[in-house]
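# Examination of the molecular architecture
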Amino acid sequence: MIEQSEMCVKDVKNSSADKENTDKNMCINGTDVGNAADKINGTDISNSTNKDIDTDISKDTNKNNGTNKGIGTHKSNGAAKGKDGAGKDLLERIGSLKGWLYLLPAVLFLGAFMVYPLIDVFVYSFEEGYNSASQTYLGTGGYNYSYVLHDPYFLQAVKNTFILVIITVPLSTGIALLISVGLNSIKPLRNLFQTIYFLPYVTNTLAVGLVFMILFKKTPYTDGLINLLINWFGGSSVDFIDGPYWAKMFVLCFYTIWVVMPFKILILTSALASVNQDYYNAAKVDGTSKLRTFGRITLPMISPMIFYLVITGFIGAFKAYSDVVALFGTDLNAAKMNTIVAYIYDMLYGDSGGYPSYASAAAIILFAIIFTITCINLLVSKRKVHY
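Only a predicted model underlies this, so the values are computations on that prediction, with no experimental measurement involved.

Take the overall build of the protein next. The secondary structure content of the protein amounts to 13 helices and two strands. A separation of at least 24 residues holds for 66% of the contacts in the protein among residues at least 6 apart in sequence. Of the accessible surface of the protein, which amounts to about 25,400 Å², a share of 65% is contributed by carbon and sulfur atoms.

Here it is in structure tokens:
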């Protein structure tokens, strides 16, 4: 009996111990697991969710901030570029304004002494019987042009001027080119010869004309140096100043060439000196002859200067006046050596003076001739001149 009761007490103790162990296991496996699950499924997930949301918000915020910064940067760059563009435009305007201010004296000078007189002369050329003293005229029309174009003195002046242009411009340019080529090949005394050839250009035109008149004119005491040379070679004396027309024209052409050639020599010598020597060295290596080198290298390289001299030569020859007066005096109609400019001057102030309408018409005709010749030269230069 006692043993059975002790066994029962042990079973009860064991059962209570097992229950405690089971409860402990339940605490471990139930409560703790539930808490862990709650932590995993509840608290931790919420925390991670909050972290993710915060991360996304921060990223979005950063993106927005970056976008805003980018927009702000673009705006600032655009504003800076706009300011730079406005500054450049302002500088360009100021620069152009300065350029016009620099040109203003020349523009005013040309307008007052060239453009206005040309317009005034054009108006006078259509006013018939214009009187410069009373500033009155009889009518308007083309009678002045008709009178000038039928005037034998004007036709003689046109003939003389064209002969002078056709002979002197090509000859003076060609001779000047040959002399320039010779001077360019002479190294030691080049500067000396350039100075000698340039002296006639700085000498007074009337003084040179008087010298030529002494050389060619026959006087009661001597026939002149040129006639002495002609007589020495067995020829007869010729009166080059008061004699036949061809003799007077020869003197005028010779004198014109003598006067204009020094300037052309100076220009062409400078042009030849500016030609790149590499072209000549390449021609020597290829064995090119000097004549072919001159035609293929020298002429094309200096063609702009030649064209310039031809243009200025035509204009200068068409405006010849002082040369003729220096040789043949002021009564050019009697000598039949008048030029277009001499005819205009004679109509204004000479023996036939007092007809400004006729003089204006002749001046406009001269302007039209020079303008036409210049345009033709410009058209030819597009094919022949190498820039």
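A few words now on the side chain of T161. Relative to the helices and strands, T161 is located in helix α3 (residues 152-185). For T161, a relative accessible area of 0% translates into the label buried. Ignoring anything within four residues of it in the chain, the contact list for T161 reads A317, F318, T339 and I340.

In this section: helix α7 (residues 245-273). If you check α7, its first and last C-alpha atoms are 42 Å apart, about what 29 residues at 1.5 Å a residue would give, namely 42 Å. A bend of about 35° at M261 is the largest found in α7, and the proline P262 appears one to four places after it.

Another aspect to go through is the pattern of salt bridges. For the structure on display, the rule yields one salt bridge. Residues D242 and K217 are paired through a salt bridge, measuring 2.9 Å at the closest nitrogen-oxygen approach. Here D242, found in the loop between α6 (225-232) and α7, pairs with K217, found in the loop between α5 (205-216) and α6; they are 25 residues apart in sequence, far enough to count as distant. The class for D242 is exposed, based on a relative accessible area of 53%. On the basis of relative accessibility, which here comes to 24%, the residue K217 falls in the partly exposed class.

Scored by pLDDT, the protein has a mean of 77; 76% of the residues are at 70 or more. At the low end of the mean pLDDT range in the protein sits helix α1 (residues 2-124), at 56; at the high end sits helix α2 (residues 143-150), at 94. Of the regions scoring below 50 in pLDDT, residues 1-76 engages in nine contacts with residues more than four places distant in sequence or in other chains.

Packed helices, taken two at a time, are described by the angle between their axes plus the distance between the axes. Taken N-terminus to C-terminus, the directions of α3 and α7 make an angle of 40°; their axes are 6 Å apart at the nearest point. Considering the angle they form, α3 stands oblique to α7. Once α3 is placed against α7, the crossing between them reads as right-handed. When the residues that make up the contact of α3 with α7 are grouped by side-chain class, the tally is 22 nonpolar, nine polar and two charged.

Okay, unusual backbone geometry next. Although it is not a glycine, K336 sits at a positive phi angle of roughly 60°. One can find K336 in the loop between α11 (332-335) and α12 (340-349).

Further remarks concern the packing of aromatic side chains. Applying the stated criterion across every chain, the model contains 21 aromatic pairs. On the basis of an interplanar angle of 50° and a centroid distance of 5.3 Å, the ring pair of F126 and Y145 is categorised as tilted. Of this pair, F126 sits in the loop between α1 and β1 (127-128) while Y145 sits in helix α2, and the two are 19 residues apart along the sequence. Note on F126: relative accessible area 32%, which makes it partly exposed. Judged by centre distance (6.1 Å) and plane angle (45°), the ring pair of F240 and F250 falls under tilted. Remark: F250 occurs in helix α7 and F240 occurs in the loop between α6 and α7; sequence separation between them is 10 residues. Every member of this aromatic cluster is reached through a ring pair, and the members are F212, F216, F240, F250, F254, Y255 and W258.

Cut-offs applied
- Residues numbered from 1 in each chain as written.
- Predicted model: local features only at pLDDT ≥ 70, side-chain atom pairs only at ≥ 80, totals over all residues.
- Heavy atoms only, no water.
- Helix = DSSP H or I, 4+ residues; strand = E, 2+ residues; numbered from the N terminus.
- Contact = heavy atoms within 4.5 Å.
- Areas by Shrake-Rupley, 256 points an atom, 1.4 Å probe, with all protein chains shown as cover.
- Buried < 20%, exposed > 50% of the residue type's maximum accessible area, 1.4 Å probe, protein only.
- Expected span 1.5 Å × (residues − 1).
- Bend = angle between axes of the 7 residues up to and from the residue.
- Salt bridge = Lys/Arg side-chain N within 4 Å of Asp/Glu carboxyl O.
- pLDDT = per-residue confidence, 0-100.
- Axes fitted to C-alpha atoms, helices over the stretch in contact; angles between N-to-C directions.
- Parallel < 35°, antiparallel > 145°, perpendicular 65-115°, else oblique.
- Left-handed = near helix turned anticlockwise from the far one by under 90°.
- Nonpolar A, V, L, I, M, F, W, Y, C, P; charged D, E, K, R; others polar.
- Phe/Tyr/Trp six-rings, centres within 6.5 Å; stacked < 30°, edge-to-face > 60°.

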